[in-house]
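Commentary on secondary and tertiary structure
Listed below, chain by chain, are the residues.
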Amino acid sequence: MKKHLLFLGPPGAGKGTQAAVVSKDNSYLHLSTGDLLRKEIELNSDLGNQVKDIMNKGQLVNDNLVLEIVKKNLHKNNKGWILDGYPRNLSQVDSLNKVLINLNQPLEIVFYLDVPDEVLIKRLLSRGRKDDNEKTIKTRLKIYKETTEPLIEYYKELSLLEYIKADEDLKTVSDDIKYKMA
Ligand code: B4P
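Residues numbered from 1 in each chain as written. Predicted model: local features only at pLDDT ≥ 70, side-chain atom pairs only at ≥ 80, totals over all residues. Heavy atoms only, no water.

Within the open sheet, the five strands sit side by side as E2-E3-E1-E4-E5. Their pairing is parallel. Unpaired on one side and paired on the other, strand E2 (29-32) and strand E5 (161-165) mark the two borders of the sheet. Adjacent strand axes in the sheet meet at a mean angle of 20° when their direction is disregarded. By the bridge criterion, five bridges tie strand E4 (residues 109-114) to E5 in an arrangement that is parallel. Bridging across to E5, Tyr112 finds its partner in Tyr163. Its contacts with the sheet place helix H2 (residues 33-42) against E2 and strand E3 (81-84), and it is angled at close to 70° to E2. (Pairing = 2+ DSSP bridges. Helix = DSSP H or I, 4+ residues; strand = E, 2+ residues; numbered from the N terminus. Axes fitted to C-alpha atoms, helices over the stretch in contact; angles between N-to-C directions. Contact = heavy atoms within 4.5 Å.)

For the ligand, the set of nearby residues contains 29 residues, the closest of which are Thr17, Gln59, Arg127, Arg140 and Glu168. One of the backbone nitrogen or oxygen atoms of Gly12 is found 3.4 Å away from an oxygen atom of the ligand. One nitrogen or oxygen atom from the side chain of Arg38 is found 2.8 Å from an oxygen atom belonging to the ligand. In isolation the ligand exposes 1000 Å². Once the protein is present, 86% of that is buried. Elements represented by at least two residues in the shell around the ligand include exactly helix H1 (15-26), H2 and helix H6 (117-127). For the shell around the ligand, the element with the most residues is H2, which contributes four residues. Grouping the constituent residues of the shell around the ligand by class yields ten nonpolar, nine polar and ten charged. (Near = heavy atom within 4 Å. Polar contact = N/O pair within 3.5 Å; in protein donor to acceptor, adjacent residues only side chain to side chain. Areas by Shrake-Rupley, 256 points an atom, 1.4 Å probe, with all protein chains shown as cover. Nonpolar A, V, L, I, M, F, W, Y, C, P; charged D, E, K, R; others polar.)

It is worth spelling out the pattern of salt bridges at this point. Under the defined criterion, the tally for this structure stands at eleven salt bridges. The salt bridge partner of Arg38 is Asp35, with a shortest N-O separation of 2.8 Å. With Arg38 and Asp35 both in helix H2 and three residues apart, this pair spans about one turn of that helix. By relative accessible area, Asp35 is classed as partly exposed at 38%. For Arg129, the salt bridge is made with Asp131, and the minimal N-O distance between the two is 2.8 Å. Classification of Arg129 as partly exposed rests on a relative accessible area of 26%. Through salt bridges that share partners, Arg127, Arg129, Asp131, Asp132 and Arg140 make up one connected network. (Salt bridge = Lys/Arg side-chain N within 4 Å of Asp/Glu carboxyl O. Buried < 20%, exposed > 50% of the residue type's maximum accessible area, 1.4 Å probe, protein only.)

With that out of the way, let us pick up the packing of aromatic side chains. Summed over all chains, the structure comprises three aromatic pairs. Consider the rings of Phe7 and Phe111, whose centres lie 5.5 Å apart with planes at 90°: the pair is edge-to-face. You can see Phe7 sitting in strand E1 (residues 4-8) and its partner Phe111 sitting in strand E4, a full 104 residues away along the chain. Residues Phe7 and Phe111 agree in their burial class; the two are buried. Geometrically, the ring pair formed by Tyr112 and Tyr163 is edge-to-face, given 5.8 Å between the ring centres and 70° between the ring planes. With Tyr112 in strand E4 and Tyr163 in strand E5, this residue pair connects regions lying 51 residues apart in the sequence. (Phe/Tyr/Trp six-rings, centres within 6.5 Å; stacked < 30°, edge-to-face > 60°.)

Next up on the list: the nonpolar core. One finds Leu74, Leu83, Leu100, Leu107, Val110 and Tyr155 to be the most contacted residues of the largest nonpolar core, which totals 31 residues. Put simply, the parts of the chain that give this core at least two residues each are E1, H2, helix H3 (46-56), helix H4 (63-73), E3, helix H5 (90-103), E4 and helix H8 (150-157). For this core, the element with the most residues is H5, which contributes five residues. Excluding anything up to four places from it in sequence, Leu107 contacts His4, Leu5, Leu6, Trp81, Leu100, Tyr155 and Leu160. (Core = buried A, V, L, I, M, F, W, Y, C linked by side-chain atoms within 4.5 Å.)

Moving on: the pairing of E4. Strand residues, when the strand is regular, have side chains that alternate between the two faces of the sheet. For E4, the buried fraction is high: five of the six residues fall into the buried class. Pairing between E1 and E4: four bridges, direction parallel. Opposite Leu8, over in E4, you have Tyr112 as the bridge partner.

None of this, on its own, says anything about what the molecule does.
What follows is the structure, given as structure tokens:
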């Protein structure tokens, strides 16, 4: 059973949704940079105030800020972990590689959750989070295609990539992930 997982995919692909299922089933640590950043905003912390406008516009938060959050939350003592929404560009990949070397816990599998744009837009608009409006979704998708999508090829070359057809109901997607983790 694979224990060190990464969920990659466009906004609204279901990374957070599926990571929550897999982490609960296996008692793995679920590290969502999006959730952790939103928590900082809720707490009105300095960090939260720094990132609020950036996130509401659908832009990526500064790499160093995200790296600090990852380092703070990724501990050696775990039964396994899932990185959800991190890394999102090649510079974050570099930083993550260094963190994982220090932990001595290499990444074992990268799930690429693929969903067509029109389905993503529909899902996000019906969720209605603060950054789920048409203008922001467009920005998020554009940034995804420009900066995050190249990671698919990177992990494919390392033979870590597993393709998931994520335009299916929740259970079908979860079952596919479970099958490929084993
Ligand atoms: P994230 O919090 O990572 O969110 P996301 O990409 O929008 O969503 P995800 O794919 O997790 O979708 P979800 O399961 O929620 O990012 C938000 C922002 O945080 C970014 O724009 C950026 O500003 C910042 N950020 C985060 N990480 C960063 C980083 N590393 N560097 C810089 N900035 C960073 O699902 C979406 C909806 O679809 C839900 O309503 C869900 O119920 C529904 N859904 C899921 N699966 C479904 C299915 N199979 N069928 C039907 N509906 C489904």
